[in-house]
There are 2 protein chains.
Amino acid sequence: MPCHRIGHHTIEFVHQPRIISSAAVVGPKEGRGPWKEAYDLVLEDALFGQQSYEQAEHAMFQEACERCLKKAEMPRERVQALLGGDLLNQIMAASLAARELSIPFLGLYGACSTMAESLVLGALLVDGGYAGPVVCAAGSHYCTAERQYRFPLEYGNQRTPAAQWTVTGAGACLVAEEGKALARMTCATIGRVVDMGIKDANNMGAAMAPAASDTLLHHFLDSGKKPGDYDRIITGDLGKIGSSILHELMEERGFPIPEGKYMDCGLTIFNADEDIHAGGSGCGCSASVLSACILPRLQSGEWKRVLFMATGALLSPTTSQQGESIPGVAHAVVLEGGNE
Amino acid sequence: MPCHRIGHHTIEFVHQPRIISSAAVVGPKEGRGPWKEAYDLVLEDALFGQQSYEQAEHAMFQEACERCLKKAEMPRERVQALLGGDLLNQIMAASLAARELSIPFLGLYGACSTMAESLVLGALLVDGGYAGPVVCAAGSHYCTAERQYRFPLEYGNQRTPAAQWTVTGAGACLVAEEGKALARMTCATIGRVVDMGIKDANNMGAAMAPAASDTLLHHFLDSGKKPGDYDRIITGDLGKIGSSILHELMEERGFPIPEGKYMDCGLTIFNADEDIHAGGSGCGCSASVLSACILPRLQSGEWKRVLFMATGALLSPTTSQQGESIPGVAHAVVLEGGNE
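Here we summarise the structure given alongside this text. (Residues numbered from 1 in each chain as written. Chains lettered and ligands numbered in written order. Predicted model: local features only at pLDDT ≥ 70, side-chain atom pairs only at ≥ 80, totals over all residues. Heavy atoms only, no water.)

Thoughts on the overall build of chain A
No. 1: Helix and strand counts for chain A stand at ten helices and 15 strands.
No. 2: The C-alpha radius of gyration computed for chain A amounts to 18 Å, which stays within 12% of the reference 20 Å derived for 340 residues, consistent with globular compactness.
No. 3: Projected onto the principal axes, the alpha-carbon positions of chain A cover approximately 55 × 50 × 35 Å.
No. 4: With 340 residues in all, chain A has 68% of them scored as buried.
No. 5: Sequence-distant contacts, at least 24 apart, represent 78% of the contacts inside chain A between residues at least 6 apart.
No. 6: Carbon and sulfur atoms form 47% of the exposed surface of chain A, whose accessible area is close to 10,800 Å².
No. 7: The distance from the centre of the 27 positive side-chain charges to the centre of the 39 negative ones in chain A is 4 Å. (Helix = DSSP H or I, 4+ residues; strand = E, 2+ residues; numbered from the N terminus. Rg over C-alpha atoms; globule rule 2.2 N^0.38 Å. Buried < 20%, exposed > 50% of the residue type's maximum accessible area, 1.4 Å probe, protein only. Contact = heavy atoms within 4.5 Å. Areas by Shrake-Rupley, 256 points an atom, 1.4 Å probe, with all protein chains shown as cover. Lys, Arg positive; Asp, Glu negative; His and termini not counted. Charge placed at Lys NZ, Arg CZ, Asp CG, Glu CD.)

Shown next as structure tokens:
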């Protein structure tokens, strides 16, 4: 049996599966942000022509997958698996999209780390020769997430300074063994669930940062790489507070992230005047920014190699009400530029 | 790149990853059932010493994983991934267990198909040489599922004849490339999400049967196998109604399941006098029966080859309230007996 494992947490993709297409569909607020030119569709409103926000979340997820396939001229009948999830109870947006797309479906839940989790498993399916093209996708919706995790928007309650704004958006990537690559996946690190005892559902950056630091540390120890080997170390949605904690933790652990090499999707997706407090969040955040900002820079050669690490806060309304703290998880994928 | 794909939906495991240990922890009602001698632990009550049913569900999931590792004398530090999920919002039982176990965690959600989904992906990680031993697990709890999907138990509402009883139980398997095998995994079929328009959250068998039939049909078409090639074709929790629909659908499609070759975990887990109506359900159902009934028969040689297909009803309280129908999904794994 071949061994494609380096260290305890890290996988090497020998055949370097390619992301050959991607798409992102986002809401109006996201569509006014820095990556506005690069989204495939910006919704006119949060309902996207549907009867409920949950239905809109499903439609958006499906639209991202369909546009991703269309850009690669890939008929859906050829796609051998859809891997993805969202933040709804029982990942209904992804499940309903899978029903409409009729592609064999592996449902995932890693909260806001889902986009990275789907890329890790999708890359593995392709790298091992277990599947032809697969779609990896994730999405979230501000209006459904708020009423699920915190309060219905109709309450109009004030958001705390540490709160993050769940991105209304979905992103999808088509992963295949051949085709013109936006990026190649060369390595992945699977994260552990880490919990430092944060109980505030309005401070998810602090809840996720220790998991991000754990995964990052294991990635460097396993792979022998250093932070400077990457053009960017990109986290999903740590926001202002989580990012600053991550920097401190990595400094303490002897792998400081160099100035100018760090990016957090949640800190770049909205314009500064949008009143989003500590930054964007949600699995749609890293999924949309991956498609609209990261992959284009890898394809153009502006960046040669980045570490894409989406971070998830594993909370539920039930566990929050029962006084549980919020565990975090983070998975990382190394993306390298274009065709060799 | 090697190709381990046979047909569109089906994967071949060239190295035949082994299930080298398993454990099941169940509630008192399950513990009185036909497999009572074979469970690793039967809880004295549904709370398992915890403050809430959700905490009990988490503790049960963790206990199943720990007992599975202990039986194989496998230190948790050597385990490279935990793949699993449950029915709680945001799969909190699995996530909290992953936190305590401190094993790299890939969260899955396939409703009651989760045990098969975790085996498919776990087998893939091991078969491809991407991970050493991995734990695949799933669990559910009657008291948390009822209040989440239907009504809190305190309402005392009458159950309909088509209703199934969510199993209080968790099962875990340790998958590795070597070691004394309870069973070897040789093949898997990833299912599509299929929806025939059932909207009754009390008739999940009918909602899942079309997906089960779709996966089964693709399995036979892809692999060239026939129903008679298996000692048992085992579904997760179709119950009385779903099982009967599956038989009809397979007959119509030209692959009738022979008399005496079929088993549904949900129809065997409880004693007949337990008032469970159409049968057991929940991801803990197939997970517990796998460990307590199926693997021992494969190890003893009573069965040589079975198809283990867990079935999931993809509903959420939100989508039910919004009038959505209930899509189903089913994943199948071929398990073959013991060491060659």
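Okay, back to it.
Notes on the interface of chain B and chain A
No. 1: Every contact between the two is made by 68 residues of chain B and, on the other side, 68 residues of chain A.
No. 2: Taken together, both faces of the contact between chain B and chain A bury some 5,700 Å²; the carbon and sulfur share is 60%.
No. 3: Across the chain B-chain A interface, the total number found is four salt bridges.
No. 4: For the pair chain B and chain A, the number of links is 40 residue pairs in polar contact (both at pLDDT 80 or more).
No. 5: Take the side of chain B that touches chain A: its biggest share by element is six residues, from helix α4 (residues 114-127) of chain B.
No. 6: Its residues placed into classes, the side of chain B that touches chain A shows 32 nonpolar, 23 polar and 13 charged. (Buried area = accessible area lost by both parts, 1.4 Å probe. Salt bridge = Lys/Arg side-chain N within 4 Å of Asp/Glu carboxyl O. Polar contact = N/O pair within 3.5 Å; in protein donor to acceptor, adjacent residues only side chain to side chain. Nonpolar A, V, L, I, M, F, W, Y, C, P; charged D, E, K, R; others polar.)

Focus: the relation of the copies chain B and chain A
No. 1: After a rotation of 180 degrees and a shift along the axis of 0.0 Å, chain B superposes on chain A with an RMSD of 0.0 Å. Accordingly, the operation relating the two chain copies is best matched by a two-fold axis. No C-alpha of chain B lies nearer the rotation axis than that of Leu108 of chain B, which sits 2.2 Å from it.
No. 2: Taken together, the interface assignments show that 100% of the residues at the interface of chain B recur at the interface of chain A, consistent with an identical surface on both copies. (Least-squares fit on C-alpha atoms with pLDDT ≥ 70 in both.)

Things to note about the side chain of Thr186 of chain B
Residue and element names in this part refer to chain B.
No. 1: Among the structural elements, Thr186 can be located in strand β10 (residues 183-189).
No. 2: Judged by relative accessible area, which is 9%, Thr186 ranks as buried.
No. 3: Of note is the side chain of Thr186, whose polar atom sits 3.0 Å from the side chain of Glu336.
No. 4: Setting aside its immediate chain neighbours within four residues, Thr186 contacts Ile11, Glu12, Phe13, Gln16, Val334 and Glu336.

A word on the packing of helix α6 (residues 204-223) of chain B against helix α7 (residues 239-252) of chain B
Residues and elements named next belong to chain B.
No. 1: Between α6 and α7, whose axes approach to 8 Å, the crossing angle comes to 40 degrees. α7 is crossed by α6, and the crossing has right-handed handedness. Side by side, α6 and α7 meet where Gly205, Ala206, Ala209, Pro210, Ala212, Ser213, Leu216, Leu217 and Phe220 of the first sit next to Ile241, Gly242, Ile245, Leu246, Leu249 and Met250 of the second.
No. 2: Looking at the contact of α6 with α7 residue by residue, the classes come out as twelve nonpolar, three polar and no charged. (Axes fitted to C-alpha atoms, helices over the stretch in contact; angles between N-to-C directions. Left-handed = near helix turned anticlockwise from the far one by under 90°.)

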